[in-house]
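The chain contents come next:
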Amino acid sequence: HEGLAGILAAQRRREAMKSGTPVRFALPRRAKVSVNILDSDGAVIRELLGGEWHDAGEVVAWWDGRDAWGAPMPLGDYRWGAYWHDGLDVEYFGTVGTDGDPPYETVDGRGGWGGDHGPPIAAAADATGWYFVWNMNESGRAIVKTDFDGRVLWRVTPFVAGGWGNYAAAAANGRLVYLAIDIGREQHLVKLDAKTGDFLPFPQGSTLVLGLATNSPAIPPHATAGGHAFSAAGIACDGDTVYLSDYPGDRILVIDGLNGERTGEIACPGPRGLAFANGSLFAASFQAGSAEGAVLKIDPATGKSAPCVSGLSAPWGVAVDDAGRLHVTDL
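Remember, predicted model here, so these are calculated numbers, not experimental data.

## Concerning the confidence of the model for the protein chain
Now for step 1: When pLDDT is averaged along the protein chain, the result is 87; 90% of the residues meet or exceed 70.
Now for step 2: Low pLDDT, under 50, characterises residues 215-223; the predicted model gives this stretch 22 contacts beyond four residues in sequence or across chains.

Quick look at the structure:
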């Protein structure tokens, strides 16, 4: 609005002025016209017309002998220069580095894709769709939900730590989405509405501060993602019960996802990715200095565990499908 008001004000001033030295020329057809006053060195000292539409025929621009700041110019020889063109058209060719459909931002928020400042780090699913999480984000969106055909339902960047990151893991139960995020030396649990992506605060504060140690014991390089060491590298949920891995603490925290209260913990060597299925908790387990990793099957009621997959190099993520098959990512 301010730009339009400025243009209209300039037009009114020219109409009221129409005095001084006229610059006249014939325009062969309707076009955008620019006219400048030039000094003896060819430098622009005053713009009389700047890309303004004019009909075919005579065009007259008036110069009052002043420069662009309104100061009077000394007597001398000055020249004018002009050009005209048909305006610019925009044609979209494509976008690099995104799989969004469309790949650019749209008014409904579904265009574009994920974060732009770090790698995709986590995925989750529930009965309502898929969730994809990017480690860090500056533009784009850190969390994207799609339907099962890959169509975007919503894209959000919760305003936690300025919306930057570092996200590490995600879980969803159809109503709520839980995210582990590392902010400096503190780990937080973030909660979203699964239907809309809206941020939902915990009773204790906007996020639940977990207070997990990031360097006690030291987290080895193979426990990092996106160049960042995560303590909370896995989340799973059974309804409103959230299980969250504490890698350096060799334990899994049990949290009430609604009120944010800790209800227990389960001993587990080097837990990373977590999954819950058929009443059991599955954990990718790997400790620093170990010869191999495993997937443990854990009874949440008793905390007892036993390996169900062995001989892995450095397991990170684990998931269970409807047929009861385990899917494990192994670094």
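Here the narrative resumes.
## Regarding the packing of aromatic side chains
Now for step 1: For the structure on display, the rule yields nine aromatic pairs.
Now for step 2: Seen from their ring centres, Phe25 and Trp80 are 5.7 Å apart, and the 25 degrees between their planes marks the pair as stacked. Here the residue Phe25 occupies a position in strand 1 (residues 21-27), and Trp80 occupies one in strand 5 (residues 79-85), the gap between them amounting to 55 residues.
Now for step 3: Residue classification places Phe25 among the buried positions, given a relative accessible area of 17%.
Now for step 4: With relative accessibility at 41%, the residue Trp80 sits in the partly exposed group.
Now for step 5: With a centroid separation of 5.1 Å and 75 degrees between ring planes, the pair formed by Tyr92 and Tyr104 is classed as edge-to-face. In this pair, Tyr92 is assigned in the loop between strand 5 and strand 6 (120-126) and Tyr104 in the loop between strand 5 and strand 6, connecting sequence segments 12 residues apart.
Now for step 6: An aromatic cluster of three or more residues is present, and its members are Trp113, Trp130, Phe132, Trp134 and Phe148.

## So, the nonpolar core
Now for step 1: Counting 19 residues, the largest nonpolar core has Tyr131, Val133, Ile143, Tyr167, Val177, Leu179 and Leu192 as its most contacted members.
Now for step 2: Elements with a contribution of two residues or more to this core: strand 6, strand 7 (129-134), strand 9 (152-156), strand 10 (167-172), strand 11 (176-183) and strand 12 (186-193).
Now for step 3: In this structure, Leu179 is in contact with Val133, Ile143, Tyr167, Ala169, Ala170, His188, Leu189, Val190, Leu192 and Ile235, ignoring residues within four places of it in sequence.
Now for step 4: Core analysis: the second largest hydrophobic core is formed by 17 residues, Tyr178, Leu210, Leu212 and Ala232 among them.

## Points about the layout of surface pockets
To find leftover empty space, a probe the size of one water molecule is rolled over the atoms.
Now for step 1: Of the pockets and cavities examined, the largest pocket occupies roughly 830 Å³.
Now for step 2: Lining the largest pocket are 33 residues, with Ala124, Ala125, Ala275, Val318 and Ala319 positioned closest to its centre.
Now for step 3: Among the elements that make up the lining of the largest pocket, the one with the highest residue count is strand 6 (six residues).
Now for step 4: For the lining of the largest pocket, a count of residues per class yields 24 nonpolar, six polar and three charged.

The rules behind each value
Chains are numbered independently. Their residues run from 1 in the order of the written sequence. Residue-level local features of this predicted model are given only where pLDDT is at least 70; pairs of side-chain atoms are given and counted only at 80 or more, and the full residue set underlies all totals for whole chains, interfaces and linings. Side-chain calculation: all heavy atoms of the structure are included, whereas hydrogens and water are not. For every residue, the predictor states its confidence as a pLDDT score lying anywhere from 0 to 100. Note on definitions: a residue-residue contact is assigned when non-hydrogen atoms from the two residues lie within 4.5 Å. Here a Phe, Tyr or Trp ring, Trp counted by its six-membered ring, pairs with any other such ring whose centre lies within 6.5 Å, and the pair is stacked when the planes are under 30 degrees apart, edge-to-face when over 60, and tilted otherwise. For helices the rule is a DSSP run of H or I covering at least 4 residues; for strands it is a run of E covering at least 2, with both sets numbered from the N terminus onward. Exposure classes here rest on a 1.4 Å probe applied to the protein chains alone. A residue is buried below 20% of its type maximum, exposed above 50%, and partly exposed in between. Residues belong to a common nonpolar core when they are buried Ala, Val, Leu, Ile, Met, Phe, Trp, Tyr or Cys residues joined through side-chain atoms within 4.5 Å. Any residue with an atom within 4 Å of a point lines the site, the site being either a cavity, points on a 1 Å grid over the protein atoms alone where a 1.4 Å probe fits but cannot get out, or a pocket, an open set with protein on both sides within 12 Å along at least 5 of 7 lines. Grid points are joined across faces, edges and corners, and a volume is the space filled by probe spheres set on the points. Note that Gly is not counted as nonpolar here; it falls among the polar residues with everything else outside the nonpolar set of Ala, Val, Leu, Ile, Met, Phe, Trp, Tyr, Cys and Pro and the charged set of Asp, Glu, Lys and Arg.

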